Amino acid sequence: QTGKSVTSIIVSRFGISMRLGLIALVFSLLIGVPSGILQARFKDGLYDHIGTAFTIFINAVPHLVSYSLVMVFGARLLGLPSQYTITDSRSAVLPIVSLSMGSIANYMLWMRRYMVDELNKDYIRLAKLKGLSSTRVMFSHVMKNAFLPLAQYLPYSVLLTVGGSILVVSQFTLYADT
């Protein structure tokens with residue numbers, strides 16, 4: 001775009017990136033934390049192994065490759081648009097999924113870890129010996145104490161979403177028609 005300053009172009013597009021980034025952050029919290037809880041609850045089971053494989057895949061594969069896989073899978077198999085436009089809300093699905101995958105994997109990993117650590121502590125064994133149900137112990141004691149260290153990851157997750165949006169913008173040609 002000739003005749004415009006770089007700052008004005010960035011400022012005009014910043015709202016779209018932040019909106020998609022915040023939606024991706026909420027999406028990753030809603031999926032990652034419960035998935036990590038389920039992994040800890042059914043440790044060494046099928047769900048735990050699937051979740052661990054997902055986490056390893058997301059952390060091992062370069063983001064550009066995983067974004068390309070999301071684009072191909074979403075566009076070819078699900079029929080979703082592969083380019084973002086303001087007028088079509090369905091076109092935001094693939095960029096949001098791409099932005100949230102890394103945070104989902106990290107929330108799953110850390111929530112599982114903290115919950116397994118909490119489940120092995122003495123006060124949890126004592127609560128179970130006193131006759132509290134597994135569900136009550138899980139929700140009253142374990143989750144509360146396991147979520148506290150996870151909260152420190154939230155600011156990093158916001159920065160990751162903003163930083164990752166640069167790659168997603170170029171991958172999905174986010175601003176082609178805005």
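It should be emphasised that the depicted structure is a prediction, and the values quoted were computed from it without experimental measurement.

The rules behind these values
Residues numbered from 1 in each chain as written. Predicted model: local features only at pLDDT ≥ 70, side-chain atom pairs only at ≥ 80, totals over all residues. Heavy atoms only, no water. Helix = DSSP H or I, 4+ residues; strand = E, 2+ residues; numbered from the N terminus. Buried < 20%, exposed > 50% of the residue type's maximum accessible area, 1.4 Å probe, protein only. Contact = heavy atoms within 4.5 Å. Areas by Shrake-Rupley, 256 points an atom, 1.4 Å probe, with all protein chains shown as cover. Lys, Arg positive; Asp, Glu negative; His and termini not counted. Charge placed at Lys NZ, Arg CZ, Asp CG, Glu CD. Salt bridge = Lys/Arg side-chain N within 4 Å of Asp/Glu carboxyl O.

Asks: Help me understand the overall build of the protein chain, please; the structure alone is not making it clear to me.
Replies: Per the secondary structure count, the protein chain includes seven helices and zero strands. Written out in order from the N terminus, the α and β elements of the protein chain read α-α-α-α-α-α-α. Based on the C-alpha atoms only, the size of the protein chain along its principal axes is roughly 70 × 35 × 25 Å. Residue burial in the protein chain is summarised as follows: out of 178 residues, 37% are buried. Here the analysis covers contacts within the protein chain between residues at least 6 apart in sequence; of these, 75% occur between residues at least 24 apart. Total accessible area on the protein chain stands at roughly 10300 Å², and carbon and sulfur atoms take up 68% of it. Between the averaged position of the 15 positive side-chain charges in the protein chain and that of its 7 negative side-chain charges there is a distance of 4 Å.

Asks: How should I be thinking about the environment of I16 in this particular structure?
Replies: Relative to the helices and strands, I16 resides in helix α1 (residues 6-41). Given the relative accessible area of 10%, I16 is considered buried. Put simply, I16 and I86 are 70 residues apart on the chain and 8.9 Å apart in space, counted from C-alpha to C-alpha.

Asks: Can you help me understand the pattern of salt bridges in this one?
Replies: Opposite charge on two side chains lets them pair, provided their charged atoms get close. Under the criterion given, the structure shown has five salt bridges. Across the pair R125 and D122 runs a salt bridge, and its minimum N-O distance is 3.0 Å. Of this pair, R125 and D122 are both found in helix α5 (residues 122-129), three residues apart, which corresponds to roughly one turn of the helix. Note on R125: relative accessible area 44%, which makes it partly exposed. Using a relative accessible area of 59% as the deciding quantity, one classes D122 as exposed.

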